[in-house]
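# Overview (structure and organization)
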Amino acid sequence: ADMNHMRNAICALLAVSLLLCCTAAFVSDKADADKPICATGFEKADELGLYDRLTRNERVEVVDGEGVEGSKALKVTYRGNKRGSERVVNTFKLDKPLDEATLVFDVKFDEDFQFLKGGKLHGLGPDNRVTGGNKVKPDGWSARAMWHKDSLGSYVYCQDKERKFGQGPDRKQDFQFETERYYSVSIHVKINNDVKKSNGSVRIYVDGKRVAEDHRIRFRGVDGEHTKITHLLFSTFHGGENPSWAPKDENGEYTDVYAYFDNFAVYEGEHIRHKPVGD
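Computed from a predicted structure; not experimentally measured.

## Here's the deal with the pattern of salt bridges
Under the definition given, this model contains 18 salt bridges. When the shortest N-O distance is used, the salt bridge between Arg59 and Glu86 registers 2.9 Å. Here Arg59, found in the loop between α2 (50-54) and β2 (60-63), pairs with Glu86, found in the loop between β4 (84-85) and β5 (88-98); they are 27 residues apart in sequence, far enough to count as distant. With a shortest N-O distance of 3.0 Å, Glu268 and Lys96 are connected by a salt bridge. Separated by 172 residues along the polypeptide, Glu268 in strand β16 (residues 256-268) and Lys96 in strand β5 bring together distant segments of the chain. Note on Glu268: relative accessible area 44%, which makes it partly exposed.

## Quick look at the pairing of strand β7 (residues 118-125)
The element β7 is extensively covered by neighbouring structure, given that 8 of its 8 residues are classed as buried. Bridge count between β7 and strand β9 (residues 140-148): 6 bridges; the pairing is antiparallel. Across the sheet, the residue bridging to Lys120 is Met146, located in β9. Of the pairings in the sheet, the one linking β7 to strand β15 (residues 229-238) comprises 5 bridges and is antiparallel in character. The residue bridging Gly125 from the neighbouring strand is His231, located in β15.

## Examining the nonpolar core
Counting 53 residues, the largest nonpolar core has Leu152, Phe177 and Phe261 as the members making the most contacts within it. If near-sequence neighbours (up to four positions away) are discounted, Phe261 is found in contact with Phe42, Ala73, Leu74, Val76, Tyr78, Phe105, Asp106, Val107, Leu121, His122, Tyr182 and Thr236. Grouped together as the second largest cluster of nonpolar side chains are 6 residues, Val130, Met146, Tyr157 and Trp245 included.

Conventions and cut-offs
- Residues numbered from 1 in each chain as written.
- Predicted model: local features only at pLDDT ≥ 70, side-chain atom pairs only at ≥ 80, totals over all residues.
- Heavy atoms only, no water.
- Salt bridge = Lys/Arg side-chain N within 4 Å of Asp/Glu carboxyl O.
- Helix = DSSP H or I, 4+ residues; strand = E, 2+ residues; numbered from the N terminus.
- Buried < 20%, exposed > 50% of the residue type's maximum accessible area, 1.4 Å probe, protein only.
- Pairing = 2+ DSSP bridges.
- Core = buried A, V, L, I, M, F, W, Y, C linked by side-chain atoms within 4.5 Å.
- Contact = heavy atoms within 4.5 Å.

Here is the structure:
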């Protein structure tokens with residue numbers, strides 16, 4: 001009887017130990033999944049170099065008090081021109097290539113911002129990023145967001161697009177940014193796992209609500225690490241390719257408008273942010 005009691009106690013102890021190990025592994029995996037590949041709130045220089053490289057542009061500056069809950073923010077000047085507004089673009093290489101990733105950021109448009117016909121927001125891409133109406137090659141693609149007068153959608157360069165410029169979403173909902181408040185935007189990209197199949201997708205969320213979806217996408221036509229998600233694409237401007245997209249003053253002259261960005265991060269897999277991130 002004593003031997004049976006001891007045997008049962010040892011088995012119970014082993015079971016508890018196994019349960020604790022499994023729980024610890026689960027918690028560790030979850031913690032890893034919640035950790036971004038890269039992130040910055042523009043309070044100081046970051047590991048990806050967004051702070052340092054973006055502020056070299058005369059139309060970009062870090063300002064106090066305009067971030068979420070009064071933190072610092074990245075202020076972008078949209079200077080009207082014959083193509084819409086001057087392009088504010090840069091690319092940042094991620095630490096590793098990804099098959100699926102989510103770019104999240106918080107954005108606030110200034111009270112005098114003019115949305116007009118539309119403009120571009122940030123996204124993700126491979127080593128060979130294709131934008132600007134350039135020809136798509138087998139190893140090239142890009143996935144960004146685009147605001148319109150009454151919606152926010154995806155803007156994709158992929159292998160099977162049927163026009164010179166990027167394609168929009170299969171499905172989108174009516175949505176319009178308001179000025180003078182922060183929104184959290186999540187752009188979830190999943191590339192095609194077979195270069196012959198159109199099984200990639202882009203989904204865009206605002207404050208956790210899906211506002212656009214584009215699926216059946218063949219992003220890449222050749223395999224390789226360099227054709228996966230390898231870069232964050234910082235890309236924002238009005239346009240468009242003509243003056244009808246451009247912000248103008250009451251006299252019809254090109255003018256400047258502004259937006260603020262905060263809390264950029266890239267996560268492996270799907271990671272939807274439900275509200276702007278406070279300090």
